Amino acid sequence: MSQVPSHARVVIVGGGVAGCSVAYHLTKLGWTDVVLLERKRLTSGTTWHAAGLIAQLRASKNMTRLAKYSQELYSELEAETGIATGFRRCGSITMALTEARREEVLRQASMARAFGVEVEEITDTEVKSRYPHVSTDGMTAAVYLPLDGQGDPANIAMAMAKGARQRGAKVIENVKVTGVSQEGGRVTGVAWDRGGETGTITCDHVVNCAGMWARDFGAMAGVNVPLQACEHFYIVTENIPNLTQLPVLRVPDECAYYKEDAGKILLGAFEPVAKPWGPIPEDFEFDQLPEDFDHFEPILEQAIERVPMLAEAGIHTFFNGPESFTPDDAYHLGPAPNLDGYWVAAGFNSIGIQSAGGAGMALAHWMDTGLAPFDIGDVDIQRAQPFQRNKRYLKTRASETLGLLYADHFPYRQKATARGIRRSPLHEHLKAQGAVFGEFAGWERANWFANPGQAPEYDYSWGRQNWFDNQRAEHEAVREGVGLYDMSSFGKIRIEGRDAEAFLNFAAGGDMSVPVGRIVYSQLLNANAGIEADVTITRLSETAYLIVTPAATLIRDLAWLHRHKGNHSVVLTDMTAAEAVICVMGPKSRDVMRAVSPADWSGNAFPFGWAREIEIGMGLARAHRVTYVGELGWELYVSTDQAAHVFETLLEAGAAYGMKLCGLHMMDSCRIEKGFRHFGHDITGEDHVLEAGLGFAVKTAKPDFIGRDAVLRRKDEGLQSRLLQFQLTEPEPLLFHAEPILRNGEIVGYITSGNYGHTLGASIGMGYVPCAGEAAADVLASSYEIEVAGDRIAATPSLKPLYDPKSERVKA
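Each chain has its residues counted from 1, following the order in which its sequence is written. In keeping with the model being predicted, local features are shown solely for residues with a pLDDT of at least 70 and side-chain atom pairs are shown and tallied solely at 80 or more, while totals for entire chains, interfaces and linings include all residues. Side-chain metrics in this entry use all non-hydrogen atoms of the structure; hydrogen atoms and water are not considered.

Trainee: Requested: an account of the overall build of the chain, with residues and values cited.
Mentor: The secondary structure listing takes helices from DSSP runs of H or I that are at least 4 residues long and strands from runs of E that are at least 2 residues long, numbered from the N terminus. What the chain contains, in helices and strands, is 19 helices and 38 strands. For 812 residues, the compact-globule estimate of 2.2 N^0.38 gives 28 Å, and the C-alpha radius of gyration of the chain, at 27 Å, lies within 12% of that figure. Expressed along its principal axes, the backbone C-alpha trace of the chain runs to roughly 80 × 65 × 55 Å. The long-range fraction of contacts in the chain, counting pairs at least 24 apart against all pairs at least 6 apart in sequence, stands at 72%. Per-residue and other accessible areas were derived by the Shrake-Rupley procedure at a 1.4 Å probe size, with only the shown protein chains allowed to occlude residues. Of the roughly 30200 Å² of accessible surface on the chain, a fraction of 49% belongs to carbon and sulfur atoms. For the radius of gyration, the atoms used are the C-alpha atoms, and the globule rule reads 2.2 Å times the number of residues raised to 0.38. Only heavy atoms enter the contact rule, under which two residues are in contact if any of them lie within 4.5 Å.

Trainee: Run through a negative patch on the surface, naming residues and quoting values.
Mentor: Patch membership needs two things, relative accessible area over 30% and no salt bridge, and members are linked within 9 Å if like-charged or within 5 Å if nonpolar (Val, Leu, Ile, Met, Phe, Trp, Tyr). One speaks of a salt bridge when a side-chain nitrogen belonging to Lys or Arg is within 4 Å of a carboxyl oxygen belonging to Asp or Glu. Positive charge is attributed to Lys and Arg, negative charge to Asp and Glu, and no charge count is given to His or to the chain ends. A charged residue contributes its charge at one atom only: NZ of Lys, CZ of Arg, CG of Asp or CD of Glu. Among the surface-exposed residues, D137, D294, E297, E301 and E305 lie close enough to one another that they form a single negatively charged patch. Counting through the fold element by element, E297 comes out in helix α7 (residues 293-306). On the basis of relative accessible area, E297 is assigned to the partly exposed category, the value being 31%. Between buried and exposed lies partly exposed: a residue is buried under 20% and exposed over 50% of the maximum accessible area for its type, with that area taken using a 1.4 Å probe on protein chains only.

Trainee: An account of the environment of A161 is requested, with residue identities and associated values reported.
Mentor: Its location among the elements puts A161 in helix α5 (residues 153-166). A residue is classified by how much of its surface remains accessible, and A161, at 2% relative accessible area, is buried. Sequence-distant contacts of A161, that is, excluding residues within four places in its chain, are made with C20, L42 and V171.

Trainee: Help me get a handle on the sheet that holds strand β26 (residues 544-549), residues and values and all.
Mentor: Spatial ordering of the open sheet is given by β24-β25-β26-β23-β27, a layout of 5 strands whose pairing is antiparallel. The open sheet terminates on both sides in strands that have one partner only, identified here as β24 (519-525) and β27 (571-574). Ignoring which end each strand starts from, the neighbouring axes of this sheet average 30° apart. Bridge count between strand β23 (residues 491-496) and β27: 4 bridges; the pairing is antiparallel. Of the residues in β27, the one forming a bridge with I493 is D574. In this description, strands pair whenever DSSP reports at least two bridges between them. To define axes, lines are fitted to C-alpha atoms, for helices over the stretch in contact only, and angles between the resulting N-to-C directions are given on a 0 to 180 degree scale.

Trainee: Run through the nonpolar core, naming residues and quoting values.
Mentor: Working definition of a nonpolar core: buried Ala, Val, Leu, Ile, Met, Phe, Trp, Tyr and Cys residues. They are joined through side-chain atoms within 4.5 Å. Of all hydrophobic cores here, the largest spans 50 residues; its most connected members are I12, L26, Y74, M160, V207 and L333. At the level of elements, β1 (7-13), α1 (17-28), β2 (34-37), α2 (61-81), α5, β18 (342-346) and α9 (352-369) are the ones that each hand at least two residues to this core. No other element matches the 9 residues that α9 contributes to this core. Counting 33 residues, the second largest nonpolar core, distinct from the first, contains A529, V689, L724 and I786.

Trainee: So what's going on with the pattern of salt bridges? Residues and values would help.
Mentor: Charged atoms that come close allow side chains of opposite charge to pair. For the structure shown, the criterion picks out 39 salt bridges. Between E104 and R101 there is a salt bridge, and its shortest N-O distance comes to 3.4 Å. A residue pair is termed a helical-turn pair when its members lie 3 or 4 positions apart in one helix, as E104 and R101 do in helix α3 (residues 99-114) at 3 residues. Two residues, R539 and E501, come together in a salt bridge whose shortest N-O distance is 2.9 Å.

Trainee: Would you mind going over the packing of helix α15 (residues 589-596) against helix α16 (residues 643-654) in detail, with residue names and values included?
Mentor: Between α15 and α16, the least distance of the axes is 9 Å, while the angle of their chain directions is 120°. It follows that α15 is oblique to α16 by the angle criterion. Once α15 is placed against α16, the crossing between them reads as right-handed. Judged by residue contacts, V592, M593, A595 and V596 of α15 engage T649, L650, A653 and G654 from α16. Roughly parallel covers angles under 35 degrees, roughly antiparallel covers those over 145, roughly perpendicular covers 65 to 115, and oblique covers all other angles. Should the near helix be turned anticlockwise from the far one by less than a right angle, the crossing is left-handed, and should it be turned clockwise, the crossing is right-handed.

Trainee: Quick rundown of the environment of G189? Include the residues and the values.
Mentor: Assignment of secondary structure puts G189 in strand β10 (residues 186-194). C-alpha of G189 to C-alpha of H7: the two residues are 182 residues apart in sequence and 8.2 Å apart in space. When neighbours within four sequence positions are excluded, G189 is seen to be in contact with G179, V180, S181, I201, T202 and C203.

Trainee: Pulling in residues and values, what's your account of the sheet that holds strand β6 (residues 141-145)?
Mentor: Hydrogen bonds along the backbone pair up the strands of a sheet, which may run parallel or antiparallel. Strand order across the open sheet formed by 8 strands is β5-β6-β4-β13-β14-β15-β12-β16, with mixed pairing between neighbours. Looking at which strands have only one partner, the edges of the open sheet turn out to be β5 (120-121) and β16 (315-325). Alignment of strand β4 (residues 92-96) against β6, held across 5 bridges, turns out to be antiparallel. Paired with S92 across the two strands is L145, which belongs to β6.

Trainee: Before we move on, could you go through the packing of α1 against α5 and cite the residues and values that matter?
Mentor: Interaxial distance between α1 and α5 falls to 8 Å at its minimum, and their mutual angle equals 30°. Regarding the angle of α1 to α5, the classification is roughly parallel. The hand of the α1/α5 crossing is left-handed. Residues V17, C20, S21, A23, Y24 and T27 of α1 pack against I156, A157, M160, A161, G163 and A164 of α5. Ten residue types, Ala, Val, Leu, Ile, Met, Phe, Trp, Tyr, Cys and Pro, are classed as nonpolar, four, Asp, Glu, Lys and Arg, as charged, and the remainder, Gly among them, as polar. Residue classes in the contact of α1 with α5 are distributed as 9 nonpolar, 3 polar and no charged.

Trainee: Describe in detail helix α18 (residues 708-717), supporting the description with residues and values.
Mentor: Along α18, the positions that sit buried rather than exposed are A710, V711 and R714. Buried residues along α18 cover an arc of 105° about the axis, so they all sit on one side. What points out from α18, more than 90 degrees from its buried face, is the exposed set D709 and D716. A positive backbone phi angle near 95° is found at G718, which sits one or two residues after α18. The directions from the helix axis to the C-beta atoms are what the arc is built from.

Structure below.
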């Protein structure tokens, strides 16, 4: 029996494929003082019964990079460790049975080409040639990815564990971690129990790879890891004579996937309404859950029609086992926002095998260098909202998220379960006016307003959805008249203390030595001058500032600021719920504000980029003259107790000027016409601030701020890429994200964000184009096309905003 050491540099908790991957990759980076503790035996939680599908293509470039890395790793592990991983590239077919799914798979094929994944559209005849046993009745399209694969999940984990051991790691089974000690906001060790024998390991880092136990284990240390176990079903047939190797077959419209394995067929399901499971028994180890054939039967009935030989094959195994699912179907990776030295790799939503290799590599790199190898915002644990650890919430949401893996991935699709938890103080007012809400970071946000007699709900499609004309009317109101919309969900961080100015001058790229009332648009940069946050910072007093940031990044931004606070004497406070934000925007916004407030709203008295305390109605507010829609207007910060009064006052006065209530779909279509960047899509931690076209917001005259050296280096070296704005030359096609950008006929990038520009009369997208050694004029002189579901559409590029390039309307 291995002895548990008294000290380690890192303790990894959980011996599934994720924990083994983290240990493997840390030792590859030279970490030798690595300990992995498993409560029972390696792989005994969910890894051992995983289906072992190893696909390459994910929903974003970097998630695809991680999946491709996993494939490459697994193909090499056997030679390194001598353990057979069962990995083989058998290819995969995805079959569409509806017109909507046809559009989806063709868009996915385009996305695959943009991300460098080999893919081809295939006919029904070609499907049959690769998978002779399948019926193609009702097929509308199919795509084939020849390099997709499958493997043996348990042996993949065992191979990585062996590789870690060979480089000095200690992998110890049957040891349960019972607590995490901390001091001064940092991990100091773990407590453990092995059959009544107890002890502690002092350590610098703890990695939570506890799988379906990760939520409860995280709670021991006050770390939020929201996930929920669900029952996951599959059957394995009896041996089928003469069955040869087949591609993995996915038929998402029938909620089914098929895998050939050792002469048998495994049929798995992602049913629309899942069965959350728990609590987990203390002695759970390689366990199965009770059969529920009634739940699985509808999937099986369709599968027998789709693959008729299943009717004759006989069922060898009916399997039901738990898998953990997160509120948004993305796994959790990275540092805990509230405890230094605590890291997470958990919640893999039934794609743990294909994800774990890349996730372990990325986390190890992050732990070793302090920075992720590239942007992993899709899965960053710091996106998790505190309320999401609520068990009732998780159980309710998880009943939906499992099924969403194979549901139509329509643009703008909203979750249907666990809604209404975070609401603006204006929520009921907006609802009464026809607001149709979407959910973001738990917030209910008015995305568009239904007309009288129109159903206030989404009707999803890949074309112009039922709210397209509503968005256009709201867009036109802001461009030509005046619109009002609610931005209360945006994060607000107050930074106060004698060192507030000095701290922000160090933390942000902009110059914070400004007069009280001045608003500074700025970025928080990392050491590589990548963009960690895109914010406005308002000086409220000599010792206080307010940072406004997107709703989804508030937790992450607070954590980033805390980590870089050093010895600065400042206090950081989340003020998000304290103030509502009501935006009044458009050419007639000044008229509306004059009708409700005695303040001087003239351009000279209240110029762009300033904030003022004002009287409004019979209350008080703070007006910020900034815009994310590219028009004259103000954001009104109102204490939540007065928000309803201010809204009612504005609504009454605005009627005389035709003021229209607007949603955030309008805001996005307006901002993309103006070329305003969207954090997390157009700008991320791996995008250099100069290449993003935001050099004007960085003041290198300041002597010392994070990223300054990298900004100066890139100025000397020249830009490697540029963020361009594109307008399609055809008015009908829609851009969402990840559509390939072709320059002179060759794919050079992809659309980072897209929306329809109602003023410009076409879809607008943004995306990076390589430009090493080229002048801007040369980049713009090329011929560009954007590929949409396989069709190439000519596009006009621009480095200046396509709408109001000189910002004359903003500064009117």
